[in-house]
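Results of the structural survey
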Amino acid sequence: MSGVYMKLWAGRFQKEIDKKTNDFNSSITFDSRMAQEDIAGSMAHAAMLAKQGIISKEDGERIREGLAGIAGDLAAGTLEIDPEAEDIHTFVEGELTARIGDAGKRLHTGRSRNDQVALDIRLYLRGAVQPIREQLHDLIRVLCDKAEAHAHTIMPGYTHLQRAQPITFGHHLMAYAEMFLRDISRLDDAVKRMNVSPLGSSALAGTTYPLDRETVAHTLEMDGITHNSLDGVSDRDFCVELAAALSLMMVHLSRFSEEIILWCSWEFKFIELDDAFSTGSSIMPQKKNPDIAELVRGKSGRVFGDLMTLLTMLKGLPLAYNKDMQEDKEAVFDALDTVHMCLTAFVPMIDTMKVLPDNMRRAAAGGFINATDCADYLVGKGLPFRDAYKATGTLVALCIDKGLTLETLPLADYQEVCPLFAEDVFDAIRLERCAAMRRVPGGPAPENVLAEVERVRRLLG
Ligand code: ARG
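The structure contained in this document is the topic of the report that follows. All figures in this text were calculated on a predicted structure; none of them were measured in a lab.

**Focus on the state of the cysteines**
Summed over all chains, the structure comprises zero disulfides. With no disulfide partner, Cys418 has as its closest neighbouring cysteine sulfur the one in Cys374, 9.2 Å distant. Overall, the relative accessible area of 7% leaves Cys418 in the buried class.

Set out below in structure tokens:
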């Protein structure tokens, strides 16, 4: 290979790399998305080299101008990244040298691609997290709006997918808001640890040049520097942490998707998805399918796979840099892209879904989900809970036998099972009352839901 993209390591070699092997070795097809970060890192490095007198002020300025020109041309689309370059670092340095001559060749003083790539990926991921963070904010805002509108909407709460106790739909939605809030804090946490500069670690053993590492970190708006040159070039924990945070986010999206899929089945019919976020069948004219939710559920596996790729790639590596680590990028980029794509479809799908409160209410009324409240009523009349539980169980069996519900069973039947029952039992087991009485902090009562919505909105700012 000749010209501006000659291998950065050309001097020692008698032959060019085999063409197919070059493709195998190359990372330009996926690391070119870090072009702007690579340039920003190089600008900070060059400015520091000039400040420290390691290169001349004039060369420092030429490098800065040259890099700014490349950054601008890339952004404007007037400069194409050459797929022949081995990686984005080779491309930028080659292009710079082609533009400004010898000064370009001084840029790499006191630096290696090993600390360069470790910096680039940190900068790139730090930025790429932000749109996902925004999407999570949007999702939580949508959940708050829906929860507020449905603070009073009664639905059955489930355990084992069996109707269990009455809750409100707003409360159910706010459970997901909690998960997504934790996801945001996990993203922020991952960014905290990735936002330190490894530049100065050089290939593995630092450098003899008097670099000012802190200044470089400061210029790049990083919180500090890495403290061991071997760790600086070989740490990819932040990729694993980010992929783990994204994986857990996909678990939450997948669980939510599963519920959406159940809820829009005819068996539930608690919601209806907007036509814009549903698909039909090529053969069955009646079908309206929740493909988006299914795809989100399905794509969770990809993101877990990315996490496994990263863990497995790292687990047996001796210090310091090994080429295996080039595999970090496709995995963590795929995880980011997948989550971003999922949220892009998921948030408006939730925003536009139609809630069907009457169907929720009907499902809540059919499954004896107020049985605990019926037992609690007897406790209120002085009966020990265990006896109250047993009496209510007898009532449920009676209802099933007669094809009735606790609401429709005559008072005489109640009193035959336990004489403590009076007319007011029917108010005590009213679903709205059952939900409203669950006012314990964290409970589903409408007033709690509304307070939670306010608290979460305040948190989002
Ligand atoms: N493309 C490489 C990577 O992503 C850049 C670092 C190359 N360093 C080296 N010594 N081969 O890891």
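**Some details on the nonpolar core**
Among the nonpolar cores identified, the biggest contains 78 residues, and Leu125, Leu246, Phe256, Ile260 and Ile350 are the most heavily contacted of them. Elements represented by at least two residues in this core include exactly α7 (113–149), α8 (169–194), α11 (237–263), α12 (291–315), α13 (327–352), α14 (357–365) and α20 (446–460). Excluding residues within four positions of it along the chain, Phe256 makes contact with Leu143, Leu173, Tyr176, Phe180, Trp263, Phe346 and Ile350. The next biggest cluster of nonpolar side chains, apart from the first, holds 32 residues, and it includes Ile54, Leu67, Ala71 and Leu123.

**Section: the pattern of salt bridges**
Working definition: two side chains of opposite charge can pair if their charged atoms are close together. The tally for this structure, following the rule as stated, stands at 36 salt bridges. In this structure, Arg113 and Asp87 form a salt bridge, with 2.6 Å as the shortest nitrogen-oxygen distance. You can see Arg113 sitting in helix α7 and its partner Asp87 sitting in the loop between α4 (57–76) and α5 (88–100), a full 26 residues away along the chain. Residues Glu241 and Arg193 are paired through a salt bridge, measuring 2.7 Å at the closest nitrogen-oxygen approach. On the criterion of sequence distance, the pair formed by Glu241 in helix α11 and Arg193 in helix α8 is long-range, its members being 48 residues apart. A single network of salt bridges, built from pairs that share partners, joins Glu86, Asp87, Arg113 and Lys323.

**A closer look at the site of the ligand**
Every residue near the ligand is listed here: Ser27, Asp87, His89, Arg113, Asn114, Val117, Tyr321, Gln326 and Lys329. Lys329 places a side-chain nitrogen or oxygen 2.6 Å from an oxygen atom of the ligand. Looking at the shell around the ligand element by element, the count peaks at three residues for α7. Here the shell around the ligand is built from residues that sort into two nonpolar, four polar and three charged.

**Side note on the packing of α12 against α13**
Following both chains from N to C, one finds α12 and α13 inclined at 160 degrees, their axes separated by 9 Å at the closest point. Relative to α13, the element α12 lies roughly antiparallel. Crossing handedness for the pair α12 and α13: left-handed. Grouping the constituent residues of the contact of α12 with α13 by class yields 15 nonpolar, two polar and six charged.

**Some thoughts on the pairing of strand β1 (residues 154–159)**
Two strands pair when backbone bridges link them, and β1 and strand β2 (residues 162–168) are joined in this way by six bridges, in the antiparallel orientation. Following the sheet pairing, Gly157 is matched in β2 by Gln165. Between the antiparallel neighbours β1 and β2 lie two residues, among them His160 with a positive phi of about 55 degrees.

**Digging into the packing of α8 against α20**
At a closest axis distance of 10 Å, the pairing of α8 and α20 adopts a crossing angle of 25 degrees. In terms of orientation, α8 lies roughly parallel with respect to α20. Our pair here, α8 against α20, has a crossing hand that is left-handed. Contacts from Gly170, His171, Met174, Glu178 and Leu181 in α8 reach Val449, Glu452, Val453, Arg455, Val456, Leu459 and Leu460 in α20. Residue composition of the contact of α8 with α20, by class: seven nonpolar, two polar and three charged.

**Here's the deal with unusual backbone geometry**
Cis geometry is found at the peptide bond from Leu319 to Ala320, where omega equals 5 degrees. Position of Ala320 relative to the elements: it lies in the loop between α12 and α13. Residue His160 is not a glycine yet carries a positive backbone phi of 55 degrees. Structurally, the position occupied by His160 is in the loop between β1 and β2. Under the relative-accessibility criterion, His160 is labelled exposed at 75%.

Rules and cut-offs
- Residues numbered from 1 in each chain as written.
- Predicted model: local features only at pLDDT ≥ 70, side-chain atom pairs only at ≥ 80, totals over all residues.
- Heavy atoms only, no water.
- Disulfide = S-S within 2.5 Å.
- Buried < 20%, exposed > 50% of the residue type's maximum accessible area, 1.4 Å probe, protein only.
- Core = buried A, V, L, I, M, F, W, Y, C linked by side-chain atoms within 4.5 Å.
- Helix = DSSP H or I, 4+ residues; strand = E, 2+ residues; numbered from the N terminus.
- Contact = heavy atoms within 4.5 Å.
- Salt bridge = Lys/Arg side-chain N within 4 Å of Asp/Glu carboxyl O.
- Near = heavy atom within 4 Å.
- Polar contact = N/O pair within 3.5 Å; in protein donor to acceptor, adjacent residues only side chain to side chain.
- Nonpolar A, V, L, I, M, F, W, Y, C, P; charged D, E, K, R; others polar.
- Axes fitted to C-alpha atoms, helices over the stretch in contact; angles between N-to-C directions.
- Parallel < 35°, antiparallel > 145°, perpendicular 65-115°, else oblique.
- Left-handed = near helix turned anticlockwise from the far one by under 90°.
- Pairing = 2+ DSSP bridges.

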